[in-house]
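In case you want the letters, here they are:
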Amino acid sequence: MIGRPRIHVPECESTQLLLDSTLPEGAVATADHQTGGRGRLGRTWVDAPGTALLCSVLLKPPHDRRAPELTLVGGLAAAETIEDILGRPAQLKWPNDVLVDGRKVSGGLAEQRHGAVVLGIGVNVNQSPEQLPPDARTAPASLRTIDGRTREVEIVLDRLLQTLDAAYETWLADGLPALHSRIAAHDFLRGHRVRVDGVTGIARGIRTDGTLELETPSGVVVVESGETRVLRTSSTS
Ligand code: BTN
C-alpha cells in the first residue's frame, strides 16, 4: 500500500534522498520545500516554499520488471489526479511531464536505488505566476494559475497516492499494456512533430511497452527515452 510509512520534513535538499531501500515498499517522503529539487536529465526542480506537492515513493518491483516504465505509471497517476481535481483535461507529455493547456504542472522522476525505485512526483499546486520558474523549458503553470483556486497540498497528495497505488497494482499484476488505453487517452505528443535526442518525426503514439513511436522520412523509429521537443503542431492523419 503506497503511503505508509510517511516521512514529512519542512525542508530538505530533495525528497528523493529521504528514502532508502531498507524502508518498506510504499514508503512516502514529502517536504514543504526542496533546496536542491531534482528533475530529469540532471535538471533542477524549483519550488516556492509551501506552494508545491513534493513527494517521493519507494517501490520495489520484481527484478525482471522494467523500472523506467514507472515514470509513465507515475505520470498517468498525476495526469488523472490533476484532471479529476481541476475538472479539465490534463495530458501526459512522454515520458514524464503533465500539461494542462500546454503548460507543465507536474513532472516525474524514477531513480533506481539498490534494487528499488524511488519515484518522485512534483505538482505545482498553489504558486502564483511570479512563483513559477521564468526560465523553464516548457512554460509552467500551477493548479492555482489555471483556475484561481488555492488548495490544500495534503488533499492533492492523498488523491495522487490513491490513484498511484491503484495504477501500480495494475502494472504489477498485468504490466503496462493494462494501462495503455489510459496512457494513450492522455498522450500529448501524438500527431505532433517532435525531436527526441536528434531524431525528428511525427509522434505516432506511446506503444504498449512505453516506448514512443516516431514516423520519420526514413521509416518508423522507436525511441526508448530521451529529451522531447515539440517542433510544431501537425495533424494526426
Ligand atoms: C522533471 O520534470 O524533470 C521531474 C521533476 C521531478 C520533481 C520531483 S519533486 C519531488 C521529487 N524530489 C525531487 O527532487 N524531484 C522529484
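Just so it is clear, the model here is predicted, and its values are computed rather than measured.

**What to know about the pattern of salt bridges**
Turning to step 1, where the next piece is worked out: Taken as a whole and assessed by the stated rule, the structure comprises 15 salt bridges.
Turning to step 2, where the next piece is worked out: Between Arg38 and Glu111 there is a salt bridge, with its nearest N and O atoms 3.1 Å apart. Highlighted residues: Arg38 in the loop between strand E2 (28–34) and strand E3 (52–59) and Glu111 in strand E6 (residues 103–113), separated in sequence by 73 residues.
Turning to step 3, where the next piece is worked out: By relative accessible area, which is 32% here, Arg38 ends up partly exposed.
Turning to step 4, where the next piece is worked out: A salt bridge links Arg204 to Glu215; its shortest N-O distance comes to 2.9 Å.

**Let's talk about helix H3 (residues 153–174)**
Turning to step 1, where the next piece is worked out: For H3, built from 22 residues, the straight-helix expectation of 32 Å at 1.5 Å per residue is met to within 8% by its first-to-last C-alpha distance of 31 Å.
Turning to step 2, where the next piece is worked out: Where H3 is concerned, the buried positions are Val156, Leu157, Leu160, Leu161, Leu164, Asp165, Ala167, Tyr168 and Trp171.
Turning to step 3, where the next piece is worked out: Elements that come into contact with the buried residues of H3 comprise strand E1 (6–12), E2, E3, helix H1 (69–86), strand E7 (116–124) and helix H4 (180–185).
Turning to step 4, where the next piece is worked out: In the stretch just after H3, Gly175 is the one whose phi turns positive, near 80°.

**Quick word on the pairing of strand E5 (residues 97–100)**
Turning to step 1, where the next piece is worked out: Side chains Asp97 and Leu99 of E5 all project onto a buried face; the interleaved residues Val98 and Val100 project onto the opposite face, where all are buried too.
Turning to step 2, where the next piece is worked out: In this antiparallel pair of consecutive strands, strand E4 (residues 91–93) and E5, the connection spans 3 residues.
Turning to step 3, where the next piece is worked out: For E5 and E6, the ladder comprises 4 bridges, and the chain directions are antiparallel. By the bridge assignment for E6, Leu99 is matched with Lys104.
Turning to step 4, where the next piece is worked out: Here E5 folds back onto E6 in antiparallel fashion, the turn holding 2 residues, of which Asp101 has a positive phi close to 50°.

**As for the site of the ligand**
Turning to step 1, where the next piece is worked out: Near the ligand you find 20 residues, and of these Ser14, Gln34, Arg38, Arg40 and Lys104 are the closest.
Turning to step 2, where the next piece is worked out: The separation between an oxygen atom of the ligand and a polar main-chain atom of Arg40 is 2.7 Å.
Turning to step 3, where the next piece is worked out: At 3.3 Å, a side-chain N or O of Asn96 approaches an oxygen atom of the ligand.
Turning to step 4, where the next piece is worked out: Contact with the protein chains covers 97% of the free accessible surface of the ligand, which is 420 Å².

**Some thoughts on the packing of aromatic side chains**
Describing an aromatic ring pair means giving the distance of the ring centres and the angle of the ring planes.
Turning to step 1, where the next piece is worked out: Taken as a whole and judged by the stated rule, the model has 1 aromatic pair.
Turning to step 2, where the next piece is worked out: When the ring centre of Trp171 is taken as origin, the NZ or CZ atom of Arg65, which lies over that ring, is 4.1 Å away.

**Brief notes about the environment of Pro89**
Turning to step 1, where the next piece is worked out: Mapping Pro89 onto the fold places it in the loop between H1 and E4.
Turning to step 2, where the next piece is worked out: Separated by 11 residues in the primary sequence, Pro89 and Val100 have C-alpha atoms spaced 6.6 Å apart.
Turning to step 3, where the next piece is worked out: Beyond its immediate sequence surroundings of up to four residues, Pro89 is in contact with Glu83, Leu99 and Val100.

**Observations concerning the packing of H1 against H3**
Turning to step 1, where the next piece is worked out: Where H1 meets H3, the axes come as close as 9 Å, and the angle between the chain directions of the two elements is 135°. It follows from the interaxial angle that H1 and H3 lie oblique. Here H1 runs over H3; the crossing is right-handed. Of the residues in H3, those touching H1 at Glu69, Leu70, Val73, Gly74, Ala77, Ala78, Glu80, Thr81, Asp84 and Ile85 are Val156, Arg159, Leu160, Thr163, Leu164, Ala167, Tyr168 and Trp171.
Turning to step 2, where the next piece is worked out: Taken together, the residues of the contact of H1 with H3 break down into 11 nonpolar, 3 polar and 4 charged.

**Some thoughts on the environment of Asp197**
Turning to step 1, where the next piece is worked out: Within the secondary structure layout, Asp197 lies in the loop between strand E8 (193–196) and strand E9 (199–206).
Turning to step 2, where the next piece is worked out: Separated by 125 residues in the primary sequence, Asp197 and Leu72 place their C-alpha atoms 19 Å from one another.
Turning to step 3, where the next piece is worked out: With residues near it in sequence (within four places) discarded, Asp197 still touches Ser225, Gly226 and Glu227.
Turning to step 4, where the next piece is worked out: Polar side-chain contacts of Asp197 include one of 3.3 Å to the backbone nitrogen of Glu227.

**Considerations on the environment of Arg103**
Turning to step 1, where the next piece is worked out: Inspection of the secondary structure assignment puts Arg103 in strand E6.
Turning to step 2, where the next piece is worked out: The sequence separation of Arg103 and Val28 amounts to 75 residues, and the corresponding C-alpha distance is 27 Å.
Turning to step 3, where the next piece is worked out: Setting aside anything within four residues of it in sequence, one finds Arg103 in contact with Val98, Ala139, Pro140 and Ala141.
Turning to step 4, where the next piece is worked out: Looking at Arg103, its side chain comes within polar contact range of the main-chain oxygen of Pro140, at 3.2 Å.

Rules behind the numbers
- Residues numbered from 1 in each chain as written.
- Predicted model: local features only at pLDDT ≥ 70, side-chain atom pairs only at ≥ 80, totals over all residues.
- Heavy atoms only, no water.
- Salt bridge = Lys/Arg side-chain N within 4 Å of Asp/Glu carboxyl O.
- Helix = DSSP H or I, 4+ residues; strand = E, 2+ residues; numbered from the N terminus.
- Buried < 20%, exposed > 50% of the residue type's maximum accessible area, 1.4 Å probe, protein only.
- Expected span 1.5 Å × (residues − 1).
- Contact = heavy atoms within 4.5 Å.
- Pairing = 2+ DSSP bridges.
- Near = heavy atom within 4 Å.
- Polar contact = N/O pair within 3.5 Å; in protein donor to acceptor, adjacent residues only side chain to side chain.
- Areas by Shrake-Rupley, 256 points an atom, 1.4 Å probe, with all protein chains shown as cover.
- Phe/Tyr/Trp six-rings, centres within 6.5 Å; stacked < 30°, edge-to-face > 60°.
- Lys NZ or Arg CZ within 6 Å of the ring centre and 35° of its normal.
- Axes fitted to C-alpha atoms, helices over the stretch in contact; angles between N-to-C directions.
- Parallel < 35°, antiparallel > 145°, perpendicular 65-115°, else oblique.
- Left-handed = near helix turned anticlockwise from the far one by under 90°.
- Nonpolar A, V, L, I, M, F, W, Y, C, P; charged D, E, K, R; others polar.

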